[in-house]
Each structure stands twice: as C-alpha cells, then as structure tokens.
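What follows is the residue order along each chain.
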Amino acid sequence: MTNPLSQQELIEIANRSVPEVWRTQIKKEVQPSPILDLPIPSPRIATVAWTSSRGSGEMVLTISSAGAHSVVQNLLGTSGNCVTEETDLEDVVGELCNMVAGRVSTELRNRGLTGILHPPVLSRTSPTDSAHSPTATLCRTHWTCEDYSFTFSIDIHPNAS
Amino acid sequence: MKQKILSIDDSKTIRLLLARMFRPFQVELREAGNGEEGLAQAKEVRPDLIILDYNMPVMDGVTMLQHLRSEPELRSVPVIMLTAESNPKVISTVARLGVRDYVVKPFQEQALIAKVSKIIALHPQDTAS
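Residues numbered from 1 in each chain as written. Chains lettered and ligands numbered in written order. Predicted model: local features only at pLDDT ≥ 70, side-chain atom pairs only at ≥ 80, totals over all residues.

Peer 1: Just checking my understanding: could you explain the overall build of chain A for this structure?
Peer 2: Secondary structure assignment for chain A yields three helices and seven strands. Order of helices (α) and strands (β) in chain A, N terminus to C terminus: α-β-β-β-α-α-β-β-β-β. Looking at chain A as a whole, 41% of its 161 residues qualify as buried. Looking at chain A alone, contacts between residues at least 24 apart form 70% of all its contacts between residues at least 6 apart. (Helix = DSSP H or I, 4+ residues; strand = E, 2+ residues; numbered from the N terminus. Buried ≥ 20, exposed ≤ 12 C-beta atoms within 10 Å, placed from the backbone. Contact = placed C-beta atoms within 7 Å.)

Structure follows, in structure tokens:
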C-alpha cells in the first residue's frame, strides 16, 4: 500500500507545527537550519506514536541537554527551578514532543488521516534509519533557537492491507 | 475564599505551567499524575474545577470522567480537558460526559485563563476578599 502522504507534505506539516509550538508555548521563534546530521550532544529524545486505521507512525523530538534546560527556563520561568531531576527534564522534552505531535495529528486529520496519539516515550539513543520500513515516509527537519538546535521527525507507515 | 482547581496530568511540566499561570489568583491548586490519583483527590478536596488530560497512564482522562460522573457528589464538578489529542471521537465522547470546554495543546495561557474565568470566578491575589 502506498503512503497516504508524501515526504514533502510531511515536511510542510512539520514546518508549520514546530514553530507554532515554540511561539505559542515557549514564546520563542525557531529557524529552520540546513540539513546537517551532526550529532546532538547529550540528546534527550521523545517519541510519540500515532495510530490510525490507514497507518501508523512516530514523531520524534531530539534536543540537546542544554537545549532542554533552555526550554525549561523559557517555558516555566522561575517555576523551572523546580525541574531539578533528570526525569523532570525528560518530562519537559516529552511534553514538548506531545504538543508538536498534537499539532501534526490535527493536520493529518485534516488530510483524512484520523489517528490517536500515545503517551511520549523517552530515551537517550536514536532509532537507526535501518529500523524504518521501506514503505515509510520519513521527514526529518532541523531547527535552531537561540544557542541550541534540535530535530523533529515524522515517520508514517501505511497499513499492509 | 480560594477557588479549588484540580490539575490532572501525567506531565509535571504541565502541572508546573498551570501552577505558574494561576499564581496571580486566589486559587488553591491541587495536582494528580493520573486519573486514579485525580479521582482520589477529587473525593478529598471537592474541587470547583478540574483541568484534565486525556492520555495518561494507570487511568486515562475518559475513564476518570466516567468514574467522576458516577459519583453523586462529584458529578456536577465542571471539567476542562487540556490535551494534545484532537481526535473527534475523543472530543465527542468527553462532550457526552459533560466536559465544559476542550483545549488542545499547544495553548495560549490567556485563552485558558479566559475559559476558566467563564466557569469559576478568578480573584487576583492582591484583592483578598
């Protein structure tokens, strides 16, 4: 079964969703950066799964530890001082990914792909590209905000039927 | 008298965000990390408003709402959903369970405060009654 969305469509969706979440929730503007697969130092990775009757997918936010700390301060202000544990820092990244995934999910629904989001899963290591299905559409976008950079990717797999 | 708001979300980030948002107001904010804890807190504090996430471990927002509506003393507590989930089936399900408003993340803080103000009176901290 062919993928219901092209890579270009997913890139356009990501290009609308990521800046909106940063602008609305963090009060910061982000800039798309040239695609450079440079390693992100001390990455914090959040993955939100999305399932629908026509396919499934994953949305992944990868941000450096320093970037995550910056997000905490912008998002929570002095309340961010309460974020002291490593798990709390990961929670911020997970919630951020959850918000972007929510925005993406709305766009997918507007294109006839109504799905359900699952709670964020947190890790420190990226899935390898070889793990992706050959029929998957993978879109990876790169961003900078002030002094940190991050990536957001969308990976949609059509159902086998 | 402070309004009692119960924030039920598995994300500490969202709970901190709401705590910061309501700090300027005479609000007693209680927190719970899932629907089960939220239900126990609701029975204990009888909140004036619940702000509820959908996707949570242990007990999700819809299940929690169903339990809440089956409790005679809690069934009329107003609930605002605050979630990244915008699936129409979920929205329709919680609407049938009497949710007063549905806010999709990302959200504007002032817009959420405006929605809360339509349900409960929010008095600034410096004008204590």
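Peer 1: Mind showing me how you'd approach the confidence of the model for chain A here?
Peer 2: Of all residues in chain A, 82% attain a pLDDT of 70 or more, and the chain-wide mean is 84. When the elements of chain A are averaged for pLDDT, helix α2 (residues 65–76) of chain A gives the smallest value, 86, and helix α1 (residues 7–26) of chain A the largest, 93. (pLDDT = per-residue confidence, 0-100.)

Peer 1: Before we go on, may I ask you to explain helix α1 (residues 12–22) of chain B in this structure?
Peer 2: The α-helix advances 3.6 residues per turn, and as a result positions three or four apart in sequence lie on the same side. For α1 of chain B, a buried count of eight out of 11 residues is recorded, marking the element as mostly surrounded by other parts of the structure. Looking at α1 of chain B, one finds that the buried residues are Lys12, Thr13, Ile14, Arg15, Leu16, Leu17, Leu18 and Phe22 of chain B.

Peer 1: Explain the pairing of strand β2 (residues 27–32) of chain B to me, please; I cannot follow it from the model alone.
Peer 2: On a regular strand, one side chain projects to one face of the sheet and the next to the other, so that they alternate. Two strands pair when backbone bridges link them, and strand β1 (residues 3–8) of chain B and β2 of chain B are joined in this way by six bridges, in the parallel orientation. Its bridge partner being in β2 of chain B, leucine 6 of chain B is matched across the sheet by arginine 30 of chain B. (Pairing = 2+ DSSP bridges.)

Peer 1: Sorry, what's going on with the pairing of strand β5 (residues 101–104) of chain B here?
Peer 2: Residue and element names in this part refer to chain B. Both strand β4 (residues 79–83) and β5 contribute to a ladder of four bridges, which runs parallel. From the neighbouring strand, threonine 83 faces β5, where its bridge partner is valine 104. Since β4 and β5 lie parallel, the crossover through helix α4 (residues 88–96) that links them has a hand, and here it is right-handed. (Right-handed = clockwise from strand over helix to strand, strands pointing away.)

Peer 1: Is there a simple way to explain the environment of arginine 30 of chain B in this structure?
Peer 2: All names here are of chain B. Tracing the sequence through the fold places arginine 30 in strand β2. Separated by 70 residues in the primary sequence, arginine 30 and arginine 100 place their C-alpha atoms 19 Å from one another. For arginine 30, the residues in contact, after removing those within four places along its chain, are Lys4, Leu6, Gln41, Val45 and Pro47.

Peer 1: Any chance you could explain α2 of chain A here in plain terms?
Peer 2: All names here are of chain A. Over its 12 residues, α2 runs 16 Å from end to end, which matches the ideal 16 Å to within 8%, given 1.5 Å per residue. Among the residues of α2, those classed as buried are Gly67, Ala68, Val71, Val72, Leu75 and Leu76. Axial view of α2: buried residues confined to an arc of 145 degrees, hence all on one face. One or two residues past the end of α2 sits glycine 77, with phi positive at roughly 60 degrees. (Expected span 1.5 Å × (residues − 1). Arc of directions from axis to C-beta.)

Peer 1: What am I meant to see in the interface of chain A and chain B here?
Peer 2: Size of an interface: often given as the accessible area lost when the parts come together. Listed by partner, the interface residues are 27 residues for chain A and 19 residues for chain B. When its residues are assigned to classes, the side of chain A that touches chain B shows 10 nonpolar, 11 polar and six charged. (Nonpolar A, V, L, I, M, F, W, Y, C, P; charged D, E, K, R; others polar.)

Peer 1: Where do I start with the confidence of the model for chain B in this structure?
Peer 2: The predicted coordinates should not be examined in detail at positions where pLDDT is low. In the predicted model, chain B carries a mean pLDDT of 92, and 98% of its residues have values of at least 70. Across the predicted assembly, pTM comes out at 0.86 and ipTM at 0.81.

Peer 1: Any chance you could explain the sheet that holds β1 of chain B here in plain terms?
Peer 2: Sheet strands pair via backbone hydrogen bonds, and the direction of the pair is either parallel or antiparallel. All names here are of chain B. Ordered by their spatial adjacency, five strands build an open sheet running β2-β1-β3-β4-β5, and the pairing between neighbours is parallel. Edge positions in the sheet fall to β2 and β5, since each has one partner strand and no second. Each neighbouring strand pair of the sheet contributes to a mean axis angle of 20 degrees, computed without reference to strand direction. Sheet topology note: the β1/strand β3 (residues 49–52) ladder contains four bridges and is parallel. Counted as the bridge partner of isoleucine 5 is leucine 49 from β3. (Axes fitted to C-alpha atoms, helices over the stretch in contact; angles between N-to-C directions.)

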